[in-house]
Amino acid sequence: MPVREEGYHKWNGKLKEKFINWFPITKNGISYVYHKKKSKLLFYFASMPFFLFLIAIYVSEKPELRMFKNLIKQIQTDALLFKTYYTNGFLMFMLVILTLFAGAELISRDLRYKSLSLYLSRPLTKLDYLKGKFSTIIFYLLLFTLLPGYLLILAKFLFAEHFSISITVVIGSFFYPLLFSMFFSSFILMLSSFSPSSRFINIVFIGTYFVSDIIAKILSNIFHISFYNIISIKELFVNSAKLIFGVYDKSRNIVDLYLSIVIILLLTIVFFVTIFFKIKKAEV
Amino acid sequence: MEKNNYIIKLKEIDFSYENVIALNNINLSIRRGIYGLLGPNGAGKTTLMKVILGFLKPQKGEGSILDHDIKTFSKKIRRLIGYMPEIDSIIPDMDAISITAYMGEITGMPKHEAIKRAHEVLFYVGLEDERYRSVNTYSTGMRQRLKLAIALVHDPDILFLDEPTSGMDPTSRLEMLKLIKDISKKGAKNIIFSSHILSDIEAVGEKVIIMNRGKIISIEDIQGVNSVKYETYEIKLNNITDKALKVFSNFDVKKTDKGYLLLKIPTNIPVYEIFKIAKDNGFYIREFKKSKTSLEEIFIKRIGENNAG
């Protein structure tokens with residue numbers, strides 16, 4: 001590999017001060033996840049509930065298919081349909097896997113290969129770096145929550161003879177995916193910033209999700225009190241969806257539903273603060 | 001500051017890692033050119049670079065690069081500088097073109113320009129045939145070249161190279177030094193590179209900053225160092241007596257612990273004269289070897305003085 005005889009050439013271009021200077025990190029992250037092995041398979045499975053609910057919306061909107069509508073409890077109202085869509089076990093499971101798939105290595109890989117100094121020797125702050133990484137994972141989570149939600153609303157508009165939709169569903173379809181994506185993105189990035197080992201991250205993330213659910217179910221069954229559901233990450237989101245879409249028993253005490261949202265928000269803040277301090281302390 | 005021809009100016013910089021003092025009252029003014037940063041391991045070379053680059057905030061003191069304050073304009077400064085870290089920091093699973101263009105884009109280059117420039121700099125550092133290969137398969141020498149290409153992609157004014165020849169085989173090392181010299185000449189770049197290999201600094205540097213125990217103990221002009229008109233040789237005689245010391249007294253003779261005589265022989269005197277002098281005075285030279293380079297001597301002397309002080 002000889003040194004080229006032509007010698008060094010200067011670059012005559014001008015560097016631009018970009019408003020969103022972390023955007024190349026996001027683009028690179030999105031492309032990296034997209035090109036990972038089995039990504040298409042995962043995307044296919046994560047979008048399956050959307051197609052299923054697309055059919056459900058078609059059934060619920062067509063008068064000639066009313067007999068089917070009457071059979072399926074979940075499509076009786078728009079709010080119930082959207083709440084069911086967002087909290088169905090399969091979608092939630094696929095989103096958990098997607099979070100792991102897209103987010104586990106985002107920071108840990110840079111820690112493992114000591115590439116943080118490459119980023120930070122550029123005009124980026126540690127916060128810019130985090131924004132770039134965070135946007136990558138949030139992009140994928142919103143892609144499979146927010147986008148399908150609004151596509152379902154659009155489908156409803158296209159299929160319905162007389163279109164009408166509750167404002168709660170429209171607003172809920174924005175806030176619930178945002179809440180979900182913020183929580184899971186910050187959780188996985190926090191774990192990713194803790195260890196260069198992706199195995200550790202996978203175990204802790206999956207473990208927390210499932211173990212919290214198992215413990216909540218055991219306690220709820222022993223004491224016959226649904227309040228224990230707030231221990232489960234999954235149930236926290238089911239409770240939040242009930243409240244956001246207004247699908248709950250109006251006669252019962254709903255403090256646990258409010259509490260679920262508060263817990264999610266508090267945990268999200270804790271995760272964000274932890275990531276920030278973790279990266280701030282990271283040696284470059 | 002640049003108005004005063006100083007591209008870097010540091011004043012009373014202190015930095016500690018918890019209880020360990022890494023930089024102690026650093027005062028430094030650097031003009032344009034190639035500067036070697038020399039010092040034993042743990043002298044504070046890398047910490048000094050990191051403070052200048054704004055990676056580490058000094059507990060005390062102030063400084064500027066190209067008229068920009070290192071504490072408040074670190075983003076602006078990083079547009080003007082290129083940094084090649086000592087550690088093997090590469091983003092895995094990417095090819096050299098993608099990673100170099102990606103870093104250019106993050107620095108603020110338009111995407112198409114960054115890609116074009118990535119090809120150019122990779123060609124320049126000699127990685128043109130390997131540019132589409134995953135960096136995971138690169139050897140240490142190739143990684144060093146890639147790191148240099150990444151540092152050069154946005155054509156910075158100042159290059160900071162932290163141990164650029166670390167882990168390279170002798171041929172690659174010489175090529176890297178040749179590159180550094182070429183960049184400085186044709187690219188009109190200011191280069192600050194740290195090394196613990198004295199010959200590297202002697203080969204490309206114009207000035208050398210000697211560091212020890214977190215302090216700058218000396219700034220020497222390498223041209224001046226190299227213009228010293230003598231070479232140092234070590235000889236071993238059949239018998240070292242006071243007479244031998246007297247015979248060679250014209251050559252600033254010194255006796256070493258290992259039984260050698262250290263002679264400073266002016267370059268205009270052919271070395272066979274030493275053999276002749278020895279023979280005429282009844283001595284036989286059993287070993288004759290060239291001693292440390294002039295920079296090594298200065299380095300050892302300065303470090304010795306600093307440690308004693």
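In this numbering scheme, every chain counts its residues from 1 along its sequence in written order. The naming scheme follows written order: chains are lettered A onward, ligands numbered 1 onward. Only residues with pLDDT of at least 70 are given local features in this predicted model, and only at 80 or more are side-chain atom pairs given and counted; all residues enter the totals for whole chains, interfaces and linings.

**Points about the interface of chain B and chain A**
Here comes step 1: What counts as a contact here is a pair of residues whose C-beta atoms, placed from the backbone, lie within 7 Å. Each partner contributes to the interface: chain B provides 39 residues, whereas chain A provides 30 residues.
Here comes step 2: Here a strand is any run of E in DSSP of at least two residues, a helix any run of H or I of at least four, and the numbering for each starts at the N terminus. In terms of residues, the side of chain B that touches chain A owes the most to one element, helix α6 (residues 170–186) of chain B, which gives six residues.
Here comes step 3: Any residue that is not Ala, Val, Leu, Ile, Met, Phe, Trp, Tyr, Cys, Pro, Asp, Glu, Lys or Arg is counted as polar, Gly included; the first ten are nonpolar and the last four charged. Class assignment of the residues belonging to the side of chain B that touches chain A gives a composition of 19 nonpolar, six polar and 14 charged.

**Digging into the sheet that holds strand β2 (residues 20–31) of chain B**
All names here are of chain B.
Here comes step 1: Following DSSP output, two strands are said to pair if at least two bridges run between them. If you trace the four strands from one edge of the open sheet to the other, you get β2-β1-β4-β5, paired in antiparallel fashion. At either end of the open sheet lies a strand with only one pairing partner, and these are β2 and β5 (68–69).
Here comes step 2: Pairing analysis gives two bridges linking strand β4 (residues 60–65) to β5, with the strands arranged antiparallel. In the strand pairing of β5, serine 64 is matched with aspartate 69.
Here comes step 3: Every angle, taken between N-to-C directions, lies between 0 and 180 degrees, and every axis is a line fitted to C-alpha atoms, over only the stretch in contact when it is a helix. Running at roughly 65° to β2, helix α1 (residues 45–53) makes contact with β1 (6–17), β2 and β4 of the sheet.

**Overview of helix α7 (residues 126–143) of chain A**
All names here are of chain A.
Here comes step 1: Across its 18 residues, α7 extends 26 Å between first and last C-alpha, which sits within 8% of the 26 Å expected from 1.5 Å per residue.
Here comes step 2: Among the residues of α7, Asp128, Tyr129, Leu130, Gly132, Lys133, Phe134, Thr136, Ile137, Ile138, Tyr140 and Leu141 are the ones counted as buried.
Here comes step 3: For α7, the elements touching its buried residues are α1 (23–34), α5 (89–112), α6 (116–120), α9 (167–194) and α12 (255–281). For a helix, the expected span equals 1.5 Å multiplied by the number of residues minus one. To sort residues by exposure, count the other C-beta atoms lying within 10 Å of each residue's C-beta; 20 or more gives buried, 12 or fewer gives exposed, and values between give partly exposed, all with C-beta atoms placed from the backbone.

**Considering the packing of α1 of chain A against helix α3 (residues 96–107) of chain B**
Here comes step 1: One can describe the packing of α1 of chain A onto α3 of chain B by two numbers: an axis separation of 8 Å at closest approach and a directional angle of 150°. On the basis of the axis angle, α1 of chain A is roughly antiparallel to α3 of chain B. Of the residues in α3 of chain B, those touching α1 of chain A at Pro24, Ile25 and Asn28 of chain A are Tyr102, Glu105 and Ile106 of chain B.
Here comes step 2: Residue composition of the contact of α1 of chain A with α3 of chain B, grouped by class: four nonpolar, one polar and one charged. An angle counts as roughly parallel when it lies under 35 degrees, as roughly antiparallel when it exceeds 145, as roughly perpendicular when it falls between 65 and 115, and as oblique in every other case.

**Quick notes on the packing of helix α11 (residues 233–244) of chain A against α12 of chain A**
Residue and element names in this part refer to chain A.
Here comes step 1: Axis separation between α11 and α12 bottoms out at 8 Å; the angle between their running directions is 120°. Judged by the sense of rotation from one axis to the other, the crossing of α11 with α12 is left-handed. Judged by residue contacts, Leu236, Asn239, Ser240, Lys242 and Leu243 of α11 engage Asp256, Leu257, Tyr258, Ser260, Ile261, Ile263 and Ile264 from α12.
Here comes step 2: Looking at side-chain class alone, the contact of α11 with α12 contains seven nonpolar, three polar and two charged residues. Handedness of each helix crossing follows the sense of rotation of the near helix against the far helix: counterclockwise by less than a right angle gives left-handed, clockwise gives right-handed.

**Concerning helix α8 (residues 146–159) of chain A**
The α-helix advances 3.6 residues per turn, and as a result positions three or four apart in sequence lie on the same side.
All names here are of chain A.
Here comes step 1: Between its first and last C-alpha, α8 extends 20 Å over 14 residues, near the 20 Å set by a 1.5 Å rise per residue.
Here comes step 2: Among all positions in α8, only Pro148, Gly149, Leu152 and Lys156 are buried. Take α8 and look down its axis: the buried residues cluster within an arc of 105°, on one side only. Along α8, the residues that are exposed and aim more than 90 degrees away from the buried face are Leu154 and Leu158.
Here comes step 3: Against α2 (39–61), α4 (78–87) and α9 lie the buried residues of α8. Working definition: the arc comes from the directions between the helix axis and the C-beta atoms, pointing outward to the latter.

**A word on the pairing of β1 of chain B**
Residues and elements named next belong to chain B.
Here comes step 1: Two strands pair when backbone bridges link them, and β1 and β2 are joined in this way by eight bridges, in the antiparallel orientation. Bridge pairing in β2 places serine 16 opposite isoleucine 21.
Here comes step 2: Summarising the sheet, β1 and β4 pair through five bridges and their orientation is antiparallel. Paired with aspartate 14 across the strands is lysine 60, a residue of β4.

**Some details on the sheet that holds strand β7 (residues 158–162) of chain B**
All names here are of chain B.
Here comes step 1: Sheet architecture is open: six strands sit in the order β6-β7-β8-β3-β9-β10, paired in mixed fashion. Because the sheet does not close on itself, it has two edges, and the strands there are β6 (81–84) and β10 (215–221). Across the sheet, the mean angle from the axis of one strand to that of its neighbour is 15°, orientation sign disregarded.
Here comes step 2: Lying on the sheet, α1 is in contact with β3 (34–38), β6, β7, β8 (190–195) and β9 (207–212); it crosses β7 at an angle near 150°.
Here comes step 3: Those strands touched by helix α5 (residues 140–152) are β6 and β7, and its axis lies near 165° from that of β6.

**Notes on the environment of glycine 172 of chain A**
Residue and element names in this part refer to chain A.
Here comes step 1: As for its position among the elements, glycine 172 is in helix α9.
Here comes step 2: Sequence separation between glycine 172 and threonine 87 is 85 residues; the distance between their C-alpha atoms is 13 Å.
Here comes step 3: Sequence-distant contacts of glycine 172, defined by excluding residues within four places in its chain, comprise Phe82, Ile244 and Phe245.

**Here's the deal with the domain arrangement of chain B**
Residue and element names in this part refer to chain B.
Here comes step 1: Assigned domains within chain B: domain 1 (2–222) and domain 2 (228–308).
Here comes step 2: Relative to domain 2, the C-alpha centre of domain 1 lies at a distance of 38 Å.
Here comes step 3: Each partner contributes residues to the interface: domain 1 has 15 residues there, and domain 2 has eight residues.
Here comes step 4: Breaking the side of domain 1 that touches domain 2 down by element, the ones donating at least two residues are α7 (198–204), β9 and β10.
Here comes step 5: Across the side of domain 1 that touches domain 2, the residue classes tally to eight nonpolar, three polar and four charged. All domain edges in this entry derive from an automatic or database-based domain assignment.

**Quick look at the pairing of β8 of chain B**
Looking along a regular strand, one sees the side chains alternate between the two faces of the sheet.
Residue and element names in this part refer to chain B.
Here comes step 1: Among the six residues that make up β8, six are buried, leaving the element largely enclosed by the rest of the structure.
Here comes step 2: Burial along β8 is two-sided: the residues Asn190, Ile192 and Ser194 and Ile191, Phe193 and Ser195 are all buried.
Here comes step 3: Inspection of the sheet shows β3 paired to β8 by five bridges, in the parallel sense. Among the inter-strand pairings, glycine 36 is bridged to a residue of β8, identified as phenylalanine 193.
Here comes step 4: Inspection of the sheet shows β7 paired to β8 by five bridges, in the parallel sense. Counted as the bridge partner of leucine 159 is isoleucine 191 from β8.

**Re the nonpolar core**
A general feature of soluble globular proteins is that nonpolar side chains tend to end up buried together.
Here comes step 1: As used throughout, a nonpolar core is a set of buried Ala, Val, Leu, Ile, Met, Phe, Trp, Tyr and Cys residues joined through C-beta atoms within 7 Å of each other. Counting residues in hydrophobic clusters, the biggest one holds 138 residues, and the most contacted among them are Leu98 of chain A together with Ala149 and Phe160 of chain B.
Here comes step 2: In terms of residue count, α9 of chain A provides more of this core than any other element does, twelve residues in total.
Here comes step 3: Aside from chain neighbours lying at most four places away, what touches leucine 98 of chain A is Leu42, Ala46, Tyr140, Leu141 and Phe144 of chain A.
Here comes step 4: Judged by nonpolar contacts, the second largest core, of nine residues, contains Ile235, Phe251, Leu261 and Phe283 of chain B.

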